[in-house]
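# An overview of the molecular structure
Each chain, letter by letter, is given below.
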Amino acid sequence: MVTLGVDLASQPKRTATCLIRWDGGSAHVETLSMGATDSDLHELFRRADKIGIDAPFDWPVRFTRAIADYSASTVWPSVDVPRLRFRRTDEVAKQTMGRWPLSVSSDLIAVPAMRAVRLLAETAATGEAIDRSGRRRFVEVYPAAALSIWGFPSRGYKRARGATVRAELVRDFAEQTTDWLTLSEEDWAQCRASDDMLDALVAALVARAAATGHCEPIPPDDQEIANEEGWIALPQTGSLDQLA
């Protein structure tokens, strides 16, 4: 199996990717890089069996319907603003992490989301079926949530100010996965230097968790809305050591 993790930004400059090949009881990082264009991403998509993208796959149903109704008839729903800001999967992620993910309808993550859905639409145009709930090749991931579930810091590791936390996180992560995950020292250095690179690595691992049944199942009552809004794949507690 080959899994791909994509830490998707609105522009190629900050878009990191990680391709992992799984063989028996081991996993080898084949590529870890920054600067992926849409063309680069489609080429990587063709090489992967399961693809984890760190960006929302859609918007809250109540938000998209409110916008459509307002555009057509100048009607606005009587609904609390948080119901327009967050998807059902965001609510579940908050229950797991204790904090809200960024809102795809009201935060800047909407811009990477626009790129994500464009990439999914372009893939669908080739004839591949896209399931926003993650049951086919593409799955929405949230690296910070995965790190939290696996027992690592999920706050304070971003950007230059998070360099010390990130270095410790990468050290501990390498120690926990040393028996089955192979990266070059250069790749580990890239993870220490860039939270985008680290998130791409984690995204590829969550893609593996999703492919092998090590993510929390979508509750049956939420499947319909997950099909429309997308669904964040949250790995099960303790699953990191079970991926290989």
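A few points on the structure. This one's a predicted model, so the numbers in the text were calculated from it and none came from an experiment. (Residues numbered from 1 in each chain as written. Predicted model: local features only at pLDDT ≥ 70, side-chain atom pairs only at ≥ 80, totals over all residues. Heavy atoms only, no water.)

## Section: the side chain of threonine 89
Locating threonine 89 in the fold gives a position in helix 4 (residues 88-97). In this structure, threonine 89 is in contact with Gly230, Trp231 and Ile232, ignoring residues within four places of it in sequence. (Helix = DSSP H or I, 4+ residues; strand = E, 2+ residues; numbered from the N terminus. Contact = heavy atoms within 4.5 Å.)

## A closer look at the environment of proline 56
Structurally, proline 56 can be placed in the loop between strand 4 (50-53) and helix 2 (61-73). With 34 residues separating them in the primary sequence, proline 56 and aspartate 90 have C-alpha atoms 9.8 Å apart. Filtering out sequence-adjacent residues up to four positions away, proline 56 remains in contact with Arg87, Val104, Ile109, Ala113, Ala116, Val117 and Glu140.

## Notes on the sheet that holds strand 6 (residues 181-182)
Spatially, seven strands are ordered 6-3-2-1-4-5-7 in an open sheet, and the strand pairing comes out mixed. In this open sheet, the two strands that pair with only one neighbour each are strand 6 and strand 7 (232-233). Where strand 1 (residues 2-7) lies against strand 4, four bridges are found, and the strand directions are parallel. Its bridge partner being in strand 4, leucine 4 is matched across the sheet by isoleucine 51. (Pairing = 2+ DSSP bridges.)

## Brief notes about the packing of aromatic side chains
Each aromatic ring pair is specified by the distance between its two centres and by the angle formed by the two planes. By the definition in use, this model includes five aromatic pairs. Centroid distance phenylalanine 45 to phenylalanine 138: 5.0 Å. Interplanar angle 90 degrees. Geometry classified as edge-to-face. With phenylalanine 45 in helix 1 (residues 38-47) and phenylalanine 138 in strand 5 (residues 138-141), the pair connects residues that are 93 residues apart, well separated along the chain. Measuring from ring centre to ring centre gives 5.0 Å for phenylalanine 152 and phenylalanine 173, while their planes differ by 45 degrees; the resulting arrangement is tilted. Placement of the pair is phenylalanine 152 in the loop between helix 6 (143-149) and helix 7 (163-177) and phenylalanine 173 in helix 7, with a sequence separation of 21 residues. (Phe/Tyr/Trp six-rings, centres within 6.5 Å; stacked < 30°, edge-to-face > 60°.)

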